[in-house]
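What the coordinates show
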Amino acid sequence: MTQAALKAEPVPQEVLRADNLHLRFGGVVAADGASLTAHAGERIAIIGPNGAGKTTFVNICTGYLTPQSGKVLFEGRDITGHKPRDIARGGIGRSFQLPQLFLENTVIDNLLIALAARESSWQPWRRLDRHPKADEMYHMLEVIGLADAAERLVRELPEGMRKLLDIAVALALKPRLIFMDEPTSGVSSREKFTIMDTLVRALDHSATTAIFVEHDMDVVSRYADRVAVWTGGRIALEGTPEVVLNDPDVQKNVIGV
Amino acid sequence: MRFDLLIGALVFCAVAAVPFLMPWASVMITLALGVGLAVLGVVVLLRAGQISFGHGLYYAAGAYTVAFLVQARLGLDILLLLPLAAIVAAAIAFVFGFFAVRYRDIFFAMINLAVSMVAFSLLEKLYHITGGGDGLNVARPTLAGFRMGRVDFEFWMFYATLALVTVVALMVARYLASPLGKGLEAIKSNETRLEYLGVSSNRMLHIAYALSAALAGLGGGVIAIVTGHVAPEFAYWVRSGEFVFIAILGGAGNVVGAFVGSIVYEIIRNYAAAFAASYWQTMLGFSLIAIIMFAPDGLTQLRFGKKNEARAKEPAKKSTSENGITGKAVQEGTR
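Residues numbered from 1 in each chain as written. Chains lettered and ligands numbered in written order. Predicted model: local features only at pLDDT ≥ 70, side-chain atom pairs only at ≥ 80, totals over all residues.

**What to know about the overall build of chain A**
When helices and strands are counted, chain A shows ten helices and ten strands. Rg of the C-alpha trace for chain A: 19 Å, near the compact-globule value of 18 Å for 257 residues, within the 12% margin. When the backbone C-alpha atoms are referred to their principal axes, chain A occupies close to 55 × 50 × 40 Å. Expressed as a percentage of its 257 residues, the buried residues of chain A come to 49%. For chain A, the proportion of contacts with a sequence separation of at least 24, taken over those separated by at least 6, is 68%. (Helix = DSSP H or I, 4+ residues; strand = E, 2+ residues; numbered from the N terminus. Rg over C-alpha atoms; globule rule 2.2 N^0.38 Å. Buried ≥ 20, exposed ≤ 12 C-beta atoms within 10 Å, placed from the backbone. Contact = placed C-beta atoms within 7 Å.)

Printed below as a string of structure tokens:
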């Protein structure tokens, strides 16, 4: 590609394009023509009732599930059906509804293992905590407000801190896109804004595109650039938070007003 | 870590004094250190939460490698025989590992057991090659170029083994603190996260598996040289179980545990067998029950466990007051 062609690319670059995904487990339709496009720097919220296929969509995009038809393109490359670890290495991070952490390790070790994974630095003669870029992870702990807990075992942390750490571990890979499955579930309503503020700061800091599944409409209206309403395994409605959250159908079926 | 080093140094000094204080015990301790190497191999896998009930296979692989090489009359020195024992064991584990590391927990334990029992019966049946149930004799090789009589050999072999064990223990301790070693703990607690970090947990376990087999092979090599004899029992499942037993006795928390455990085990076995010939296994059983009840992290962790708790308390209190994000778990942690 020539320099001119590079420049001619549209400015909001397309990061993810999920195209017409289908997946059914026996009689259950988990994805029924699900499509979504995300552009660089966007924060997209996925909302919808339980069983609408929100987590399935995330699982397909991150390689845990393979769709029966349809395609997932990440930065133009087809990643449909790739293994989770190949997709992770390719630049897509993920956090989980239930934090997936190394419980018997310290907070900082969780991040340092992620760092070693990112840098492929597995030298058996160097201690993990002597990694030349370890400072970067301590800095990350400061950004997410867990610096004081660095030496604590994850097993002892309260849920809110685990949620943050789970996302931080995903961010430690420096993904260009991150999927977050309910970043504020299981967290008290008092803490949710604190957590989201910290999170958004971390996302801005690393210029990461984010797609998050969320049930809390306060969080959605405050932090999402765009909202996609999921029902029956596909998008029913898509748009800015103001438009989507004021839609009568959405209010009735999703928010339950 | 510093505390582990202190324990290690203390144990090293105590062991190093044995030939002078209790010369009659030095062969016993040499054997215990050799077995300790195999136990260390089991400990490495325990870090990943995996138990192998078949490490007798790699122990025997190392021992028979030494026996074959000595019988071939190549005039190889101990300094060459032992690395070769480790390499052969690691090579077998590397090949079998492609199969074994795809399994976890009970399946991993049983597959190892099954393969070691195949090896045991082969060693027993292939009479012309392995000497069958009688095993093979291992003539005393040279040590660093010197041919020695029995007394000198036992003395110097003791220190050679102690030096070997010290170097190996330090290397394994470093490995366990490295990203690869911490990765083993990660395998134990959350493989899902590891995969989503782009890491193949199987490959990580494969490396640990080959390393742990090398350790077992090294141990088998030492035992073959010191006892001058190898037998199919080296690969028998009771032997493999003994390694696991000792690993739990000594504790998997640090590398010293394997050797402390194996020395204690050897002492109990020798003295209990002398004083209560028909009850010594019962005594071993009771000692393991006591360990599991009172020091679940093993002998070397008796005090260390308390220290860890105390360390965890301080930052917990700090963050409750400063961070604002508090929860039940914090209070539970501080209690």
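On we go.
**Examining the overall build of chain B**
Along its length, chain B carries 16 helices and two strands. Restricting to contacts in chain B with at least 6 residues of sequence separation, those with at least 24 account for 78%.

**Quick notes on the sheet that holds strand β6 (residues 92-95) of chain A**
All names here are of chain A. The six strands are arranged β6-β7-β8-β3-β9-β10 in an open sheet whose pairing can be described as mixed. Only two strands of the sheet have a single partner each, and these edge strands are β6 and β10 (234-239). Between one strand axis and the next, the sheet turns by 20° as a mean value, whatever way the strands run. The pairing of strand β9 (residues 226-231) with β10 spans five bridges and is classified as antiparallel. Of the residues in β10, the one forming a bridge with tryptophan 230 is isoleucine 235. On top of the sheet, helix α2 (residues 54-61) reaches β3 (43-47), β7 (177-181), β8 (209-213) and β9; it is set at about 145° to β7, its chief contact. (Pairing = 2+ DSSP bridges. Axes fitted to C-alpha atoms, helices over the stretch in contact; angles between N-to-C directions.)

**Quick notes on the interface of chain A and chain B**
At the interface, 39 residues of chain A touch 35 residues of chain B. Mapped onto the side of chain A that touches chain B, the elements with two or more residues apiece are α3 (84-90), α4 (107-119) and α6 (159-172) of chain A. Looking at which element gives the most residues to the side of chain A that touches chain B, the answer is α4(A), with five residues. Looking at side-chain class alone, the side of chain A that touches chain B contains 20 nonpolar, six polar and 13 charged residues. (Nonpolar A, V, L, I, M, F, W, Y, C, P; charged D, E, K, R; others polar.)

**Here we look at unusual backbone geometry**
All names here are of chain A. The phi angle at serine 120 is positive, at roughly 50°, despite the residue not being glycine. Here serine 120 lies in the loop between α4 and α5 (134-143). For serine 120, a count of 10 C-beta atoms within 10 Å translates into the label exposed. Even without a glycine there, the phi angle at glutamate 182 is positive, about 50°. With respect to the helices and strands, glutamate 182 occurs in the loop between β7 and α7 (189-206). Taking the C-beta count within 10 Å as the criterion, glutamate 182 has 22 such neighbours and is therefore assigned buried.

**Observations regarding the sheet that holds strand β2 (residues 28-39) of chain A**
The sheet built from four strands is open, its strands ordered β2-β1-β4-β5 (chain A) with antiparallel pairing. Each having just a single partner strand, β2 and β5 (77-78) of chain A make up the two edges of the open sheet.

**Details of the confidence of the model for chain B**
Residues and elements named next belong to chain B. Counting all residues, the mean pLDDT for chain B is 82, and 89% of those residues have values of 70 or more. Mean pLDDT across the elements of chain B ranges from a minimum in helix α16 (residues 328-334), with 32, to a maximum in helix α11 (residues 201-227), with 94. Predicted confidence is poor over residues 303-335, with pLDDT under 50, and the contacts of this stretch with residues over four places away or in other chains come to 41 contacts. Here the predicted complex scores 0.82 on pTM and 0.83 on ipTM. (pLDDT = per-residue confidence, 0-100.)

**Re the packing of helix α4 (residues 56-71) of chain B against α11(B)**
All names here are of chain B. Relative orientation of the contacting elements α4 and α11 amounts to 45°, with a least axis distance of 6 Å. Overall, the two elements α4 and α11 adopt an arrangement that is oblique. Here the hand of the crossing between α4 and α11 comes out right-handed. Of α11, the residues touching α4 (which contributes Tyr58, Tyr59, Ala60, Ala61, Gly62, Ala63, Thr65, Val66 and Ala67) are Ala213, Ala216, Gly217, Leu218, Gly219, Gly220, Gly221, Ile223, Ala224 and Ile225. A class-by-class count of the residues in the contact of α4 with α11 yields 13 nonpolar, six polar and no charged. (Parallel < 35°, antiparallel > 145°, perpendicular 65-115°, else oblique. Left-handed = near helix turned anticlockwise from the far one by under 90°.)

**Examining helix α5 (residues 78-100) of chain B**
For an α-helix, the turn length of 3.6 residues means that residues three or four places apart are oriented alike. Residues and elements named next belong to chain B. For α5, spanning 23 residues, the distance from its first C-alpha to its last is 31 Å, which sits close to the expected 33 Å at 1.5 Å a residue. Along α5, the sharpest change in direction is near 30° and occurs at phenylalanine 94. Those residues of α5 not exposed but buried are Ile78, Leu81, Leu82, Ala85, Ala86, Val88, Ala89, Ala90, Ile92, Ala93, Gly97 and Ala100. For α5, the elements touching its buried residues are α4, α6 (105-125), α8 (150-177) and α11. (Expected span 1.5 Å × (residues − 1). Bend = angle between axes of the 7 residues up to and from the residue.)

**A look at helix α13 (residues 256-275) of chain B**
Taking 1.5 Å of rise per residue, 20 residues should cover 28 Å, and α13(B) covers 28 Å from first to last C-alpha, within 8% of that figure. Where α13(B) is buried, its residues contact α1 (2-16), α3 (26-47), α8 and α12 (237-250) of chain B.

**Observations concerning the packing of α5(B) against α11(B)**
When two helices pack together, their arrangement is captured by the angle between the axes and the distance separating the axes. All names here are of chain B. Following both chains from N to C, one finds α5 and α11 inclined at 145°, their axes separated by 7 Å at the closest point. The two elements α5 and α11 cross, and the hand of that crossing is right-handed. Of the residues that constitute the contact of α5 with α11, the class distribution is 20 nonpolar, five polar and no charged.

**Side note on the pairing of β7(A)**
Residues and elements named next belong to chain A. Across the five residues that make up β7, a large majority, five, are buried. Burial along β7 is two-sided: Leu177, Phe179 and Asp181 and Ile178 and Met180, pointing in opposite directions, are all buried. In this structure, β6 lies alongside β7, joined through four bridges in parallel fashion. Its bridge partner being in β7, serine 95 is matched across the sheet by methionine 180. Alignment of β7 against β8, held across five bridges, turns out to be parallel. Across the sheet, methionine 180 pairs through a bridge with phenylalanine 212, a residue of β8. As for the winding sense of the linkage, the β-α-β connection from β7 through α7 to β8 is right-handed. (Right-handed = clockwise from strand over helix to strand, strands pointing away.)

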